[in-house]
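Notes for the structure review
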Amino acid sequence: MTSETGHKLVESLDLGVDPRAIKKEVRRLVTPKSVSEYRAKISSKANLPEGVILDPAAGSGGQLLAYSKYLDRPCAAVELSPQRADFCAYQFSKASNNSSVITICGDGTDAQGVMSIVESKTGQTSICMLHVDPARPMDTQKHAVSEMRPSLSVLLESWSKYIHVGPDGPAMTLDLSPRLARQQMSEIEDIVLGVFPCTSMTWEWLSRGGGRVDRLCLQTGPLADIGSASRSVRLWNDGSFSTLQDNGDILDTPYLGWSNYKLCLGDLVALIDPVIPKSGLRGVFEECAGYARGELVWIGKSERRPLALLHEEIHSGSEIRPFVVTQGVVVGRLASKLDLMSIDSLASLAMKNNIATVQLRCSLEPRLHKRTTDRLSQILGQIHGSPGFLIEDGGSDDLVLCKELEV
Ligand SMILES: C[S@@+](CC[C@H](N)C(=O)[O-])C[C@H]1O[C@@H](n2cnc3c(N)ncnc32)[C@H](O)[C@@H]1O
């Protein structure tokens, strides 16, 4: 089936080429399965109207596949590249619940052309939820909002005639680069509000625990946490997740700074998941830990490894514990950078403090990482003791050894 606008329904159950070859090509774009399943699970809890779930830039179709698994709605994937559209259709045909997903090859910004096929295949005339993960320029650390493809403003304008708009706005997930600057985030909010005024919006920063922000998305309408501008999520390997959000009050950026505090023996320090400062939730974190906002000392020498100086340990039942990577007491310092020469000094410092393993939580040249950890475990292998970790000091170039608190 081909529409007047050139959109083509893709029904191929068998690809003409080896799917592994295409899989390799799309791998770079694919949303990790754990993330797409998480998104589908939380969307299934939202109060969505009737209609079709649409991904107008579907890539491999992995996200839509997850929606079709968890939400009882017909789904439509639109993809500009014929090869990727074929791959989408192939993926859907292999899934057990493929009947509710259709694939259209064509321009996702042409809502009228897409809807002519969607209506004739599903009988539905409106979109209940839009998921967009726009393509970004390759090989760039930073990019302008206007470089996203499809263009968000063109896309939203076109779909505004078909998407259901409730009292909080339309249900949308805009899956964006975690590298977006605050200015770009405001540009995106302006685009959304320009097309759908008075829409509720929550930014979601997601971590899978690898010391970086894995995903950043803007959720709108029934998918937003009404009254929260920002939400941090820690997604665990088993698919469960923990969240922290603000209560609509001012985020921490204006009044919480970073300190160059020099750590002392006996200090209690916690390594915090970077989603907390990135999402502007340090103040909320402090309150949940029982402090006044602005009371904690934050050391942010490395964006990937923010540290907080605590007065007392954060217990396992606390709602912020999932965002504490590790916590421990300072037991010593290494006044040189970590290299093959200084490993022995670190190992003897560890032994003196009854530390049996040392996690390197400091920056280290990748080529040195394995050799250093191998050498450390060779020396400390026979020791019975506690785990420890090595961090960067706030007020000097020293490295600081901490003994992990017992869990
Ligand atoms: C970042 S990828 C989406 C990846 C997807 N979430 C996944 O998990 O595979 C963006 C996709 O949008 C497609 N695209 C770009 N402009 C488009 C347009 N105007 N209409 C439809 N698809 C478009 C690109 O070909 C690319 O496959």
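Residues numbered from 1 in each chain as written. Predicted model: local features only at pLDDT ≥ 70, side-chain atom pairs only at ≥ 80, totals over all residues. Heavy atoms only, no water.

1. Brief notes about the environment of R20
- Within the element layout of this structure, R20 appears in helix 1 (residues 19–26).
- Judged by its relative accessible area of 64%, R20 falls in the exposed class.
- With 67 residues separating them along the chain, R20 and F87 place their C-alpha atoms 9.9 Å apart. (Helix = DSSP H or I, 4+ residues; strand = E, 2+ residues; numbered from the N terminus. Buried < 20%, exposed > 50% of the residue type's maximum accessible area, 1.4 Å probe, protein only.)

2. With respect to the domain arrangement of the chain
- Domains assigned within the chain are domain 1 (8–245) and domain 2 (268–404).
- Of note, the centres of domain 1 and domain 2, computed from C-alpha atoms alone, are 37 Å apart.
- Every contact between the two is made by 19 residues of domain 1 and, on the other side, 16 residues of domain 2.
- Taken together, the links from domain 1 to domain 2 amount to seven residue pairs in polar contact (both at pLDDT 80 or more).
- At the level of elements, strand 9 (201–207), strand 11 (230–235) and strand 12 (241–245) are the ones that each hand at least two residues to the side of domain 1 that touches domain 2.
- With five residues, strand 11 is the single largest residue contributor to the side of domain 1 that touches domain 2.
- Each residue belonging to the side of domain 1 that touches domain 2 can be placed in one class, and the counts come to six nonpolar, nine polar and four charged. (Domains from an automatic or database assignment. Contact = heavy atoms within 4.5 Å. Polar contact = N/O pair within 3.5 Å; in protein donor to acceptor, adjacent residues only side chain to side chain. Nonpolar A, V, L, I, M, F, W, Y, C, P; charged D, E, K, R; others polar.)

3. Regarding empty space enclosed by the protein
- Here the structure, examined in full by the defined rule, presents one cavity of 30 Å³ or more.
- Within this model, the largest cavity holds a volume of roughly 70 Å³. (1 Å grid on protein atoms, 1.4 Å probe; cavity = no way out; pocket = protein on both sides within 12 Å on 5 of 7 lines; lining within 4 Å. Points joined across faces, edges and corners; volume = space filled by probe spheres on them.)

4. Details of the sheet that holds strand 18 (residues 386–392)
- Sheet architecture is open: seven strands sit in the order 14-15-13-16-19-18-17, paired in mixed fashion. If you trace the sheet from one side to the other, it starts and ends with strand 14 (297–299) and strand 17 (355–360), each paired once. When strand polarity is set aside, the average angle formed by the axes of neighbouring strands in this sheet is 35°.
- In terms of strand pairing, strand 16 (residues 324–334) meets strand 19 (residues 399–404) through six bridges, oriented antiparallel. Residue pairing across strands places V330 opposite C402, the latter belonging to strand 19. (Pairing = 2+ DSSP bridges. Axes fitted to C-alpha atoms, helices over the stretch in contact; angles between N-to-C directions.)

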